[in-house]
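Read off the chains here:
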Amino acid sequence: MATPVEETMATPIEDKMATPVEEEMATPIQDKMATPDEDKMETPDEEKTLALTQYEDKTATPYENNEVAIPEAQPNKRRKKKSIVWEHFTIETVSAGCRRACCNQCKQSFAYSTGAKVAGTSHLKRHIAKGTCPALLRNQNNSQSSPYTPSPRGGSSSNPPKRRYRTPSTPQIMFDPDRCRHEIARMIIMHDYPLHMVEHPGFVAFVQNLQPRFNMVSFNTVQGDCVATYLMEKQSLTKFIEGIPGRVCLTLDMWTSSQSVGYVFITGHFIDADWKLHRRLLNVVMEPYPDSDTVLSHAVAVCLHDWSLESKLFSITYDRPLSEAALANLRPLIPIKNPHILNGQLLVGNCIARTLSSIATEVLAAGGDTVKKIRDSVKYVKTSESHEEKFLELKNHLQVPSERTLSLDDQTQWNTTYEMLVAASELKEVFSCLDTSDSDYKHSPSIEDWKQVDTLCTYLKLIFDAANILTTTSNPTAVTFFHEVWRIQTELVRTITSEDPFICSLTKVMQERIEKYWKNCSLALATAVVMDPRFKMKLVEFSFNKIYGEEAPTFIKIVDDGIHELFHEYLTLPLPLTPTYADDGTGGANVKTEDSQGGTLLTDNGLTDFDMYIMETTSQQMKSELDQYLDESLLPRVHEFDVLGWWKLNKMKYPTLSKMARDILSIPVSTVPSESVFDTIAKEMDQYRSSLRPETVEALICAKDWMQHGSAEAPNNALVRMEY
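Residues numbered from 1 in each chain as written. Predicted model: local features only at pLDDT ≥ 70, side-chain atom pairs only at ≥ 80, totals over all residues. Heavy atoms only, no water.

Focus: the overall build of the protein chain
Let me state the cut-off plainly: A run of H or I in DSSP counts as a helix once it spans at least four residues, and a run of E counts as a strand once it spans at least two, with each numbered from the N terminus. Only protein chains enter the accessibility calculation, which uses a 1.4 Å probe; a residue is then buried when its area is under 20% of its type maximum, exposed when over 50%, and partly exposed in between. The contact rule is simple, with two residues in contact once any of their heavy atoms fall within 4.5 Å.
When its secondary structure is counted, the protein chain shows 26 helices and 10 strands. Buried positions account for 43% of the 724 residues belonging to the protein chain. Long-range pairs, those at least 24 residues apart, make up 70% of the contacts in the protein chain with a sequence separation of at least 6.

Shown next as C-alpha cells:
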C-alpha cells in the first residue's frame, strides 16, 4: 500500500501529476488496483453503487487511508471515486455516442468518449495543472496563489481537500551547497559583513534551521570564497578594460588606519567604445609608510602592472597636496610626451572636493568662536523637548517666515555646519528673544556675532554650491568646474578690497587656496572646455580676461599652444586608414566598396604608391583638423547637452581630434565618491578590516564596487525558490 511518503517520492515517469498530497478519498485497495481504464470511466454524473469486496483490512483506520468512516448500516456501499478534473470540466453530449469535456474556465472542448472508446483524463489534468489554461492562468496571476490549495488535515467531507499540482512557477530545485557558499560570499562582500560572521553561533543556528544539510563554512573557507568571487569579477573587468579604445585616468585617495599604515584607493576612469564614461575601483594598496614621497608612485606602479595599463595611462588626480619630490616620482609613469607640456599640468592635478573642503575648513576656523556660540544655542534648543517647544511657540508668535529646521552639525562634514549656520541666521530673531522668555537660555549671540554668521554663510555658499555639484551630478566634468572655479575667483577679487577686516582676512585665505588650485589645474580644465563644442576657446578667452585682465593674452596663448602641442602628439600615434571604424570594433577591413555597375571590389593590389602618398600627406591633412574645429561656430547652449554623444556622432569628421577628446573628457576632477565630498578628515580603515590580510581587504572592497556596477559578463544570479 502506498503511503503519503511514497506518494511524495514518486518519479515523473510513475506519475507525472504526483504531488505530496494524495487524493483524500482513495482507499488502499483502490490505490493498489486502480488502472488507467478505471480512471477513464470516471464521470461526475453517474451515481453507481458498487459492492464492496469481501476482503476488509481490519487494521486500517479511516485516518490511515485518508477516507471517511463508512457507517455499519451500509456495509456494501462506498463513495464513488471522483477525479479533481471534474471540478473544472463539464461533460457535454455532442452527438449520439460522442461526448466531450468542456473547460469551465476557458470553454475549450476536449475529447472524452466516442462510443466504447474513452479518452481518459490525463490530457484534462495537464490543461488545468500545468498552466496551459489561459483563463485559469490569469486567475492564478491575479491571486498570486495556486488554485489547488489543499485544506488542512481533517477537513470536512463537504469540502474535501484538493490535490495539489506543481506548476511552472514553483520549480523544484536540487539543494546545491556550492551555490550556497557562493551566495554567502557575495552577501558578505555586498554588505560589508565581517568574515567571522560564519562562525557566530546565532548565524550558524539560523543556517542549520534553514537547511540542515548545509555544512557551515569556516572563516578560512569563506575568506577563500570571497577572494574567488573577486578573481571572477576581476577577470570579467579585465576583458572589458582591454577592449576600451582610449586611455585610462587614475584618481588616488589615501585612507589612514589605527595601525598607522595607509591604504591607497586607486580608481580608473575611462570612456568605452560607445562613448560612455565609466568609473571602477581598481586597487586598494596597503602602504606601510603613507608619508613617504614614493608612496603614491609605488601604488600607481602596482596598479599599472596589475591591469597592464603601462601604455594606457593618461592622467593622475591625487587627493592631497604633494611635494615636488612626490610629483617628480609620478610623472615618469606617464608613458607619453605629455609630462613635458607645461611641467605635466595636463596630467597631474588636485582633487577639487578636497580643495573646497580645505577652504571651507579654514573659513569656519576663522569664525570659530562665533560658530561655537551658534552651535551651543542650537544644542540648547534641540537637546530638550521642552526647550524646542518654547522655541517653536516663540517663532510662531513672532511670525518668522523661515521654513528651515534647526539641526546640530556633524563636525566631520562641513556642509552640516554650513546648513546649521544658515538655519540659525534665518531664525536669529527667535534666538534674540529667547533669553527674555526662557531664563535658562544663556547662549544668545550678540549683534556682531550674527553679522559674522551672515558673512560666513555668504562665502561658504560659494564653496557649497560648487561642491554640491559633485553630489548631484553622476559624472561631474572638468568643463563644469572650469566655470565654477573662475566664478569663485571673480567673486573673491570683487571683495578683496573690503574695508571690513574680517572679510579681508577671510577672502585672502580663500583666494590663496583657490589660486593654488587654479595654477595646478587650469590647463586641464581649460583643455576640457575647448573640447566642448558649445564653448571651445571662446569661454577660455572670456574667463581669462575676467581673471587676469591685461595679462590675459599671455595665459590664453598658453592654453592654445598646449592644445596644439597635444594634438600634434596624437598625430604621431599609429592610426589605421579607417580609424573611425576601428573605434567601433568593426574594423575597416569589413567595409567593402562596389562600383555602380556591380563590378569587382576594390583591393590593395596596385595601390602601394597611393598608400605611400597617404602616409606622406596625412600629417599635413590632420594638422588642419583642430583648426577646422575651432573655426566652426559654437553650438547652442542647450540644457543637458551630451558632449560625449556629440563626439560620438562627429568622430568620422574629426577622427584624430575625437581620440584626443575621448581622453581629455575622461579626466576626473574629484578623487572621492559623492558621499565623501564634504569630509573634513581623511577616511580611516576600520579596525576589523585593518586586521585582515591586505589581499583580502582589496578583494572585499574592489569586488563590492564591481558588483554594484555590474560586470560585463555577469552570471545569472536571479533568486529562485528552493524546495527540499
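Some remarks on the sheet that holds strand 2 (residues 98-103)
Cut-off, in case you're wondering: In short, DSSP must find at least two bridges between two strands for them to pair.
The sheet built from 4 strands is open, its strands ordered 1-2-3-4 with antiparallel pairing. Of all the strands in the sheet, just strand 1 (89-95) and strand 4 (117-118) have a single pairing partner and so form its edges. Where strand 2 and strand 3 (residues 109-114) come together, 5 bridges link them in antiparallel fashion. Paired with alanine 101 across the bridge in strand 3 is phenylalanine 110.

Regarding the side chain of threonine 317
As for its position among the elements, threonine 317 is in strand 8 (residues 313-318). Assessed through its relative accessible area of 3%, threonine 317 is described here as buried. Those residues in contact with threonine 317 that lie beyond four places of it in its chain are Leu250, Thr251, Leu252, Gly349, Asn350, Cys351, Pro668 and Thr671.

Things to note about the packing of aromatic side chains
Here is the rule we go by: Centres within 6.5 Å are what make two rings of Phe, Tyr or Trp a pair, Trp counting through its six-membered ring; a difference in plane orientation under 30 degrees is then read as stacked, over 60 as edge-to-face, and the rest as tilted.
Considering all chains together, one arrives at 27 aromatic pairs under this definition. Ring geometry for tyrosine 230 and tryptophan 706: centres 5.4 Å apart, planes at 15°, overall stacked. Taken together, the residues span a long stretch of sequence, with tyrosine 230 in helix 8 (residues 219-242) and tryptophan 706 in helix 26 (residues 694-709) at a distance of 476 residues. In this structure, tyrosine 230 and tryptophan 706 share a single accessibility class: buried. Each residue in the set Tyr380, Phe391, Phe431, Tyr441 and Trp450 is aromatic and connected to the rest through ring pairs, giving one cluster.

Considerations on unusual backbone geometry
Residues apart from glycine generally show negative phi values, whereas peptide bonds are mostly found in trans. Positive phi, close to 55°, is recorded for aspartate 192, a residue that is not glycine. Relative to the assigned elements, aspartate 192 resides in the loop between helix 6 (177-191) and helix 7 (201-210). With phi around 65°, serine 260 is a residue other than glycine that occupies positive phi space. Examined against the element boundaries, serine 260 turns out to sit in the loop between strand 5 (248-257) and strand 6 (262-271). According to the relative accessible area criterion, serine 260 is exposed, its value standing at 54%.

Some thoughts on the state of the cysteines
How we decide: Only a pair of cysteine sulfur atoms within 2.5 Å counts as a disulfide in this structure description.
One pass over the structure, following the stated rule, counts 0 disulfides. Cysteine 702 takes part in no disulfide bond, and the closest cysteine sulfur, belonging to cysteine 303, lies 9.3 Å away. On the accessibility criterion, cysteine 702 (0% relative accessible area) is buried.

Thoughts on helix 6
Helical periodicity: at 3.6 residues per turn, an α-helix aligns residues three or four positions apart in one direction. Put simply, the rule is: Here the expected span of a helix is defined as 1.5 Å times the quantity of residues minus one.
For helix 6, built from 15 residues, the straight-helix expectation of 21 Å at 1.5 Å per residue is met to within 8% by its first-to-last C-alpha distance of 21 Å. Residues Ile184, Ala185, Arg186, Ile188 and Ile189 constitute the buried set of helix 6. Contacts from the buried residues of helix 6 go to helix 8 and helix 26. In the stretch just after helix 6, aspartate 192 is the one whose phi turns positive, near 55°.

Describing the environment of valine 669
Here valine 669 is to be found in the loop between helix 24 (655-664) and strand 10 (684-685). Each C-alpha atom, one on valine 669 and one on tyrosine 318, is 9.5 Å from the other, the two residues being 351 residues apart in sequence. Residue contacts for valine 669: discarding those within four places in its chain leaves Asn350, Cys351, Ile352, Leu470, Pro476, Thr477, Ala478, Phe481 and Leu525.

With respect to the pairing of strand 1
Summarising the sheet, strand 1 and strand 2 pair through 6 bridges and their orientation is antiparallel. Looking at the pairing, threonine 93 lines up with arginine 99 of strand 2. In textbook terms, the turn of a hairpin is the stretch between consecutive antiparallel strands, and for strand 1 and strand 2 this stretch comprises 2 residues, one of which, glycine 97, has a positive phi near 80°.

Some points on the packing of helix 14 (residues 414-426) against helix 16 (residues 447-472)
Keep this limit in mind: Working convention: axes come from line fits to C-alpha atoms, limited for helices to the stretch in contact. Angles between N-to-C directions cover 0 to 180 degrees. Put simply, angles under 35 degrees are roughly parallel, angles over 145 are roughly antiparallel, angles from 65 to 115 are roughly perpendicular, and the rest are oblique. By the definition used in this description, the sense in which the near helix is turned from the far one sets the handedness, with an anticlockwise turn below a right angle giving left-handed and a clockwise turn giving right-handed.
The geometry of helix 14 relative to helix 16 is characterised by a closest axis approach of 9 Å and an angle of 135° between their N-to-C directions. Comparing the axis directions of helix 14 and helix 16 gives the class oblique. The element helix 14 and its partner helix 16 pack so that their crossing is left-handed. Here Trp414, Asn415, Tyr418, Glu419, Leu421, Val422, Ala424 and Ser425 of helix 14 lie close against helix 16, whose contacting residues are Trp450, Val453, Asp454, Leu456, Cys457, Leu460, Lys461, Ile463, Phe464 and Ala467.

What to know about helix 12 (residues 368-382)
Taking 1.5 Å per residue as the helical rise, helix 12 with its 15 residues ought to reach 21 Å, and the 21 Å between its terminal C-alpha atoms agrees with that figure. For helix 12, the full list of buried residues reads Thr370, Val371, Ile374, Arg375, Ser377, Val378, Tyr380 and Val381. Elements in contact with the buried residues of helix 12: helix 11 (352-366), helix 13 (385-398), helix 14, helix 15 (428-437) and helix 16.

Here's the deal with the pattern of salt bridges
For clarity, the cut-off: Salt bridges are identified by distance alone: a Lys or Arg side-chain nitrogen within 4 Å of an Asp or Glu carboxyl oxygen.
If you walk through the whole model with that rule in mind, you get 22 salt bridges. Of the charged contacts in the structure, one is a salt bridge between arginine 404 and glutamate 426, with a shortest N-O distance of 3.1 Å. One end of the pair, arginine 404, is in the loop between helix 13 and helix 14; the other, glutamate 426, is in helix 14, with 22 residues separating them in the sequence. When its relative accessible area of 38% is taken as the criterion, glutamate 426 is described as partly exposed. Three or more residues are tied together by salt bridges with common partners; here these are Asp192, Arg689 and Lys704.

With respect to the confidence of the model for the protein chain
Regions with low pLDDT carry predicted coordinates that are not meant to be interpreted in detail. Applied cut-off: As a per-residue measure, pLDDT tells how confident the predictor is, with possible values from 0 to 100.
On average, residues of the protein chain carry a pLDDT of 77, and 72% of them reach 70 or more. Long-range and interchain partners of residues 143-165, a stretch whose pLDDT sits below 50, account for 39 contacts in this model, where long-range means more than four residues apart. Confidence drops under a pLDDT of 50 for residues 575-603, and excluding neighbours within four residues, the segment shows 29 contacts in the predicted structure.

Side note on the nonpolar core
Worth spelling out the cut-off: In plain words, nonpolar cores are sets of buried Ala, Val, Leu, Ile, Met, Phe, Trp, Tyr and Cys residues tied together by side-chain atoms within 4.5 Å.
Core analysis: the largest hydrophobic core is formed by 100 residues, its most contacted members being Leu421, Phe431, Phe482, Met531 and Trp647. Here this core takes 14 residues from helix 18 (residues 501-530), the largest share from any one element. Look past the residues within four positions of phenylalanine 431 in its chain and what remains in contact with it is Ser377, Val378, Val381, Phe391, Leu406, Ala424, Tyr441, Ser444 and Trp450. Counting 60 residues, the second largest nonpolar core, distinct from the first, contains Cys226, Leu281, Met685 and Met707.

Looking at the pairing of strand 3
Hairpin connection of strand 2 to strand 3: 5 residues between the antiparallel strands, including lysine 107 at a positive phi of 65°. Two elements, strand 3 and strand 4, share 2 bridges in a ladder whose sense is antiparallel. Across the sheet, residue serine 113 finds its bridge partner in strand 4, namely valine 118.

With respect to the packing of helix 19 (residues 536-548) against helix 20 (residues 552-572)
A pair of packed helices is captured by two measures, namely the crossing angle of their axes and the spacing between those axes. What counts, and what does not: Classes in brief: Ala, Val, Leu, Ile, Met, Phe, Trp, Tyr, Cys and Pro nonpolar; Asp, Glu, Lys and Arg charged; the others, Gly included, polar.
Contact geometry of helix 19 with helix 20 gives a least axis separation of 9 Å together with a crossing angle of 145°. Once helix 19 is placed against helix 20, the crossing between them reads as right-handed. Every residue of helix 20 that contacts helix 19 at Met537, Val540, Glu541, Phe544, Asn545 and Tyr548 is listed here: Ala552, Phe555, Ile556, Val559 and Asp560. Residue composition of the contact of helix 19 with helix 20, by class: 8 nonpolar, 1 polar and 2 charged.

Details of the side chain of arginine 354
Secondary-structure assignment places arginine 354 in helix 11. On the basis of relative accessibility, which here comes to 15%, the residue arginine 354 falls in the buried class. Those residues in contact with arginine 354 that sit more than four places away from it in its chain are Asp253, Asp319, Val672, Ser676, Asp679 and Ile681.

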